[in-house]
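# Structural features, examined
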Amino acid sequence: MSGGSGWERIRSTRGGRLSRETSLTGRTARTVRLGRVQPQAPGYRTIYCNDREANLPVRFKGNSISTTKYNFLTFLPKGLFEQFRRVANCYFLFISILSMTPISPVNPVTNVVPLSLVLFVSLIKEAFEDWKRLQNDMVINNNPVDVLHDQVWETIPWKKLQVGDIVRIKQDGFFPADLLFLASTNADGVCYIETSNLDGETNLKIRKAVERTWDYLIPEKAVEFKGEVQCEQPNNSLYTFTGNLIIENQTLPLSPNQLLLRGCSLRNTEYIVAAVIFTGHETKVMMNSMNVPSKRSTLERKLDKLILTLFGTLFGMCLVGAIGSGIFISSDYYYLELQRGVGLEFNPSSRFSVVVLTLFTLLTLYSTIIPISLYVSIEMIKFIQCAQFINKDLHMYHVETDTPALARTSNLNEELGQVEYIFSDKTGTLTRNLMEFFKCSIGGEVYGTGFTEIERGGAQRIGAKLQEDNVQSLQAQRSPHAVHEKGFNFDDSRIMRGAWRNESNPDVCKEFFRCLAICHTVLTEGDESPDKITYQAASPDEAALVTAAKNFGFFFYRRTPTMIYVRESHAEKMGTITDVPYEILNVLEFNSTRKRQSVVCRYADGRLVLYCKGADTVIYERLAAESDELKKITREHLEQFGSAGLRTLCLAYKDLHPETYESWNEKFIQAKSSLRDREKKLDEVAELIEKDLILIGATAIEDKLQEGVPTCIETLARAGIKIWVLTGDKMETAINIAYACNLINNDMKQFIISSETDAIREVEEKGDQVEIARFMKEEVKGELKRCLEEAQHSLCTVSGPKLTLVIDGKCLMYALDPSLRVMLLNLSLNCSSVVCCRVSPLQKAQVTSLVKKGARKITLSIGDGANDVSMIQAAHIGVGISGLEGMQAVMASDFAIAQFRFLTDLLLVHGRLSYLRICKDVSTALSKKYPELYKEGIRNMFFKWRVVWTWAFFSVYQSLIFYHFVTISGTSGKNLSGRMFGLWDVSTMAFTCVVITVNLRLLLMCNSITRWHYISVGGSILAWFVFILIYSLLRENVYFVIYVLMGTFYFYLTIILVPIVALLGDFIYQGVERWFFPYDYQIVQEMHRNDPEDNSRAGLLEIGNRLTPQEERSYAIAQLPRELSKHTGFAFDSPGYESFFAAQLGVHAPQKAWDVARRASMRGKPKPSKKH
């Protein structure tokens, strides 16, 4: 081929490439490391497109990926290592080894078999989970993709793709690697992509190829493409990319606009042609992923410390016993015959050997102080809690999608009861990603009826009666012909169905509707009819605005590269329908800097109009100096919409003179064709024409939250849980959602740290990456310091406002630097809520880890997309939502639910029960009615060292009672024949007392007692008697012992009195604690002690049959809380309850023990009779 010699020349002149790399940066390579996320360093890789041989010496990584935790060789050693991270397993292994030695007094089977069984089951579970990951990897790696080979498209699996290959991606296909966009079947070299796997957004984004490569679309042309790409080294920054494309001695700059990231999908484009830049684990999405973590609950880690403490106690006991044996053993005890060839453990002449061997013997003998059966029981309880309680809870069952809750692991059950920080994705987690046109302001008049979630919440705070009145008036005013479709939830008879012509400002209404129908970049799909057409938009907001125009009678139904066609109803005369073409001359696109979008169009009659929509701040700056009254009124409407949590845009227009337009258009064409600073020049040219605008009005769009999100967040906040929102959305969107969720309100002091400042933009325009990194780090440091000082000052004031922090991804990258992260953490922990926007998946994980490790708090991450996987894996607990973005989040999660609102039940009900472990303290309804009870778990009230030492104290007390009984029985106890009780008589009677005492102690500590408690406790005691009755007939040393004992009165007196005396201390302690120092749940129990028992068993019902709508409604009504009993008021009057109710109001009020004790005097009083 003619281009071959030139390509070989370029490949052979290595020095030329090096000189070009140096000229590209102007300095030597230098890496700036800031945390794990690195700003672009001037180190570049060179890629030869369409030439595998040229790329071979570099040894780029392949495109195969692996997300498994183990492989064939590492499974057994790594799996065993994971199991022996538990101190308990190490302890049991040590005891099992000792039990197999000659010095062991016990059979090794009793230790080896249970440990082996526990390890085997755990390894099987690990293997099963990793096998599912492997299957998922195999499916992904074997996905087909078309690669150019000898002028034809050849289909190969993803895993065989190499850097530099030319690929073809068809519509709805996923990108197999990070690609350089070359050509598209769409006009102007554009394509539309969906990035939900990266940032959770389901709206479409536009990418545009470099104009020089547009022709390489068919195989015959694509095979001629011999380009050299010099670009950045692989990194995890999703929103940046720098490089050059060198083709035929022409150097073309590359930007993120030409990069197609792995995991994204192609939409509204027949196919594209692209070159592979990064593959496999070097792609940006894979560099944002994390290794599969091994999670252990905080309680389990604390249990390790407890086991070490118990082992230390055990070792001390055994050491004392061993030393005593070494001291007292002597050949003087002739009857022991220690002189005749005894082993070292009994040899008086080697006392050190006696001490050592006796120590190991006693360790084996006393090893049951840490019973392995306890661990087996705990694992069974955890499994039952997952399988029977969580997975079958109808309160967490989503009827619309037929999705129950799913506990994917049983290791973290108790962790659910101690969560203090929740990190949540936004799109698809808090919201439905469904934008609906809700209200608008046209010419100073507000149109639209209805209430948002925030308005309903405000009405509830004022009073339920006010809200009911408003809702009734709304229903009375609502038109019977109201239209409600996807993207449009608006009703106002004044402007619907052509009624706007009767308004005082019909011409303004017409301009408003035309602006909605023309000023956009929406594409159409399907039939050109209002009922069947589908809009594909760059954002859900744009789709909602075009849908609104359609319902107002201005139906956009077709687009060509230069024309837009709108079917206008009632535009000129009531009842007329006309198809009107508009020529699109220029599109001034929206970006985060401009915050507006403009379109220049020509009417059929030659009229030139510029329509503009954007944020109120930028539109108001560009309005003509007139109509001040309209500006003021519209400003008030915007504030009204904003306080209701609505997303607002201002609409404006401007008539253009032909000569003015032609002069401006020449500058626009020059800027558009510029190779350097194109975006900057386009923005400068846009400023020339986007001025002296005439205000039309404003739109208000509601970002629909998932059902029950504000209520859930409010309940979790009362439980002491703080919620952070981590989203890939832009800052304005994230703040709006935070308002809608009640995470932020106008009474809060907001700290906003943004990279969208004039100073930062000025430095970025110079293009020096090292200087940009240095300047931004200093800026972020200054902002963090200022905000932290203000926060500390505000917290020192008595009535200071609550604080909230909003920070974007660029600033967060520098704030996570080791020198600044402590300052960021201190500021964040002082804020009631934190919103991080435009963050990458890895940054989500970094923020989660910052709180998890820096603040040492229990964290929970919840999301629904692949971009949330790293965050889910980084937290103590990961919750996946079964949403519209695939199952990646669910596959990586520990628990899966269908809706965010189900967190209330998952944490406040199942979390508390799993943490308490033994039994339910209050009902499910009361757990949600008093979310403050959850704070006991956050403060770890039930597993503190004080609790451990209290139990240890009473265990010592009980052991002394048993020891005293044994000594008395051994000296004074007699059977029916008058003989003294022997060793086996006393030990059998003592163990019977132990069994009875332990089971009654379990019953004593239960917060609620059901028939199952009686069955389990009584069954355990009965099982012991059945066992010993049979065992006494089989073993010679205990033959008939129990039958002899049961024939004596002494036996029955002992098994009654000894447990009573042993449990007397526990009974007194619990009584004093409940009367004078009650837990919050005990106060709630007292308040509702006369309530009828809840036998609904809602949380235990199996989801076997789908409920009909009527059955579902009846069931829901049956679950509503009812006030069936009226209390005397004592529970609310007693100052002993002040602390609990004060906590609900955020006020500290210490308990007064003498007032709590007052209820003891009330117990004897007769209860008032209930009226049925």
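Residues numbered from 1 in each chain as written. Predicted model: local features only at pLDDT ≥ 70, side-chain atom pairs only at ≥ 80, totals over all residues. Heavy atoms only, no water.

### Re the environment of Val 947
Counting through the fold element by element, Val 947 comes out in helix H33 (residues 945-972). Taking the relative accessible area as the measure of exposure, Val 947 reaches 17% and is therefore buried. With near-sequence residues (within four places) excluded, Val 947 lies in contact with Met 941 and Phe 942. (Helix = DSSP H or I, 4+ residues; strand = E, 2+ residues; numbered from the N terminus. Buried < 20%, exposed > 50% of the residue type's maximum accessible area, 1.4 Å probe, protein only. Contact = heavy atoms within 4.5 Å.)

### Here we look at the pattern of salt bridges
Enumeration according to the criterion identifies 49 salt bridges in this entry. Between Asp 304 and Arg 296 there is a salt bridge, with its nearest N and O atoms 2.5 Å apart. Where salt bridges share partners, they join Arg 594, Arg 596, Glu 621, Arg 622, Glu 687 and Glu 690 into one cluster. (Salt bridge = Lys/Arg side-chain N within 4 Å of Asp/Glu carboxyl O.)

### Digging into helix H10 (residues 298-328)
An ideal rise of 1.5 Å per residue puts 45 Å on 31 residues; H10 measures up with 45 Å between its terminal C-alpha atoms. Every buried residue of H10 is accounted for by Thr 298, Leu 299, Glu 300, Asp 304, Leu 306, Ile 307, Leu 314, Cys 318, Ala 322, Gly 324 and Gly 326. (Expected span 1.5 Å × (residues − 1).)

### Quick notes on the UniProt feature "active site" (unreviewed entry) in the protein
With numbering matched to this structure, UniProt assigns "active site" (unreviewed entry) to Asp 425. Checked against the element boundaries, Asp 425 lands in the loop between strand E15 (421-424) and strand E16 (431-442). Excluding residues that lie within four positions of it along the chain, Asp 425 makes contacts with Leu 430, Leu 726, Thr 727, Lys 844, Ile 862, Gly 863, Asp 864, Asn 867, Asp 868 and Met 871. Within the structure, the side chain of Asp 425 is placed 3.3 Å from the side chain of Lys 844, a separation counted as a polar contact. (UniProt positions renumbered as here; feature names shortened; annotations may be inferred. Polar contact = N/O pair within 3.5 Å; in protein donor to acceptor, adjacent residues only side chain to side chain.)

### A few points about the nonpolar core
In this structure, Ile 166, Val 167, Phe 175, Leu 179 and Val 229 are the most contacted members of the largest nonpolar core, which totals 52 residues. Residue contributions to this core peak at 8 residues, all from strand E13 (residues 271-278). Here Ile 166 is in contact with Cys 49, Asn 50, Asp 146, Val 147, Leu 148, Trp 153, Leu 182, Phe 225, Val 273, Ala 274 and Ala 275, once residues within four sequence places are set aside. With 50 residues, the next largest nonpolar core counts Leu 430, Val 709, Ile 713 and Cys 741 among its residues. (Core = buried A, V, L, I, M, F, W, Y, C linked by side-chain atoms within 4.5 Å.)

### As for the packing of aromatic side chains
Per the stated rule, a full pass over the model turns up 34 aromatic pairs. With a centroid separation of 6.4 Å and 40° between ring planes, the pair formed by Phe 311 and Phe 315 is classed as tilted. Linking Phe 311 with Phe 315, this pair stays in helix H10, spanning 4 residues, or about one helical turn. The interplanar angle of 45° and the centroid separation of 6.2 Å between the aromatic rings of Trp 500 and Phe 554 together place this pair among those described as tilted. (Phe/Tyr/Trp six-rings, centres within 6.5 Å; stacked < 30°, edge-to-face > 60°.)

### Things to note about the state of the cysteines
Following the criterion strictly, the structure yields 0 disulfides and no others. Take Cys 509: it sits in no disulfide, and the sulfur closest to it among the cysteines is that of Cys 440, at 8.2 Å. Judged by its relative accessible area of 0%, Cys 509 is buried. In this model Cys 601 remains outside any disulfide bridge; the closest cysteine sulfur is found in Cys 519, 9.0 Å from its own. Its relative accessible area of 0% is what places Cys 601 among the buried residues. (Disulfide = S-S within 2.5 Å.)

### Some thoughts on the environment of His 876
Note that His 876 resides in the loop between helix H28 (869-874) and strand E34 (877-881). The exposure class assigned to His 876 is buried, which follows from its relative accessible area of 8%. Not counting the four nearest positions on each side in its chain, His 876 is found in contact with Lys 295, Thr 298, Arg 301, Leu 412, Glu 415, Lys 852, Lys 857, Ile 858, Thr 859 and Asp 894. A polar atom in the side chain of His 876 sits 3.5 Å from the backbone oxygen of Lys 857. Separated by 3.0 Å, the side chain of His 876 and the backbone nitrogen of Thr 859 make a polar contact.

### Description of unusual backbone geometry
The phi angle at Asn 50 is positive, at roughly 65°, despite the residue not being glycine. You can see Asn 50 is positioned in the loop between strand E1 (44-48) and helix H3 (52-55). One non-glycine residue, Arg 838, lies in positive phi territory at about 55°. Here Arg 838 shows up in the loop between strand E32 (833-837) and helix H27 (841-855).

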